[in-house]
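If you want the building blocks of each chain, they are given just below.
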Amino acid sequence: MATSAMSRVFARSARVREVFTSLTAAGGGVCCLFDTGDGDPEQVCWLNGETSQEMVPGPRFPDLRALAATWP
């Protein structure tokens, strides 16, 4: 499945993640979220101008609503 292969590349490659976070920043985005689609927690890669490795759900963001509440 193509999306599974793409998710594995994204997960394994810091450079690939950097491309997407750079696109997020260049487009004025506030969040870049990596979701494998397999039910595991999603990883926040970019948030409010900074790289991140927070998970949703996780200690800081119990859900997507808590994540969105941090956006300016």
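See the structure shown above.
Counting of residues starts from 1 at the beginning of each chain's written sequence and follows it residue by residue. Only residues with pLDDT of at least 70 get local features here, since the model is predicted, and only at 80 or more are side-chain atom pairs given and counted; chain-wide, interface and lining totals rely on the full set of residues. Hydrogens are left out, water is left out, and the side-chain values use all remaining heavy atoms of the structure.

### Notes on the state of the cysteines
Here, a disulfide means two cysteine sulfur atoms that sit within 2.5 Å of each other. Applying the stated criterion across every chain, the model contains 0 disulfides. Free of any disulfide, Cys31 has its nearest neighbouring cysteine sulfur in Cys32, separated by 7.1 Å. Using a relative accessible area of 21% as the deciding quantity, one classes Cys31 as partly exposed. The thiol sulfur of Cys45 is not disulfide-bonded, and the nearest other cysteine sulfur, from Cys32, lies at 5.0 Å. Note on Cys45: relative accessible area 5%, which makes it buried. Buried, partly exposed and exposed residues are distinguished by accessible area as a fraction of the type maximum, computed with a 1.4 Å probe on protein chains only: under 20%, between the cut-offs, and over 50%, respectively.

### Some remarks on a nonpolar patch on the surface
What goes into a patch is any residue over 30% in relative accessible area without a salt bridge, connected to like charges within 9 Å or, for nonpolar side chains (Val, Leu, Ile, Met, Phe, Trp, Tyr), within 5 Å. Here the accessible surface of atoms and residues is derived via Shrake-Rupley with a 1.4 Å probe, and residues count as covered only by protein chains that are part of the display. By salt bridge we mean one thing: a side-chain nitrogen of Lys or Arg within 4 Å of a carboxyl oxygen of Asp or Glu. Taken together, Val19, Phe20 and Leu23 make up a surface patch of nonpolar side chains, about 270 Å² in accessible area. The helix and strand labels rest on DSSP assignments: H or I over at least four residues marks a helix, E over at least two residues marks a strand, and numbering proceeds from the N terminus. Within the secondary structure, Phe20 sits in helix 2 (residues 14–26).

### Describing the environment of Arg17
Its location among the elements puts Arg17 in helix 2. A C-alpha to C-alpha distance of 7.4 Å links Arg17 and Cys45, two positions 28 residues apart in sequence. We call two residues in contact when some of their heavy atoms are within 4.5 Å. Every residue in contact with Arg17, bar those within four places of it in the chain, is listed here: Phe10, Ala11, Arg12 and Cys45. A polar contact of 2.9 Å, which involves the side chain of Arg17, links it to the backbone oxygen of Ala11. Between N or O atoms, a polar contact is any pair within 3.5 Å; within protein, one atom must be a potential hydrogen donor and the other a potential acceptor, and residues adjacent in sequence are included only when both atoms are from side chains.

### Description of the pattern of salt bridges
Following the criterion strictly, the structure yields 2 salt bridges and no others. Across the pair Arg60 and Glu54 runs a salt bridge whose closest N-O atoms are separated by 3.8 Å. Assessed through its relative accessible area of 48%, Arg60 is described here as partly exposed. Classification of Glu54 by relative accessible area gives partly exposed; the value is 26%.

### Remarks on the pairing of strand 2 (residues 42–47)
In terms of residue burial, strand 2 counts as a mostly covered element, since 6 of its 6 residues are buried. A pair of strands is labelled paired if DSSP reports no fewer than 2 bridges between them. Sheet topology note: the strand 1 (residues 31–34)/strand 2 ladder contains 4 bridges and is antiparallel. By the bridge assignment for strand 2, Cys31 is matched with Leu47. In this structure, strand 2 lies alongside strand 4 (residues 55–56), joined through 2 bridges in antiparallel fashion. What sits directly across from Gln43, in strand 4, is Met55. Note that strand 2 and strand 3 (residues 50–51) share 2 bridges and pair antiparallel. Opposite Leu47, over in strand 3, you have Glu50 as the bridge partner. The hairpin turn running from strand 2 into strand 3, its antiparallel successor, is 2 residues long, and Asn48 in that turn takes a positive phi close to 50°.

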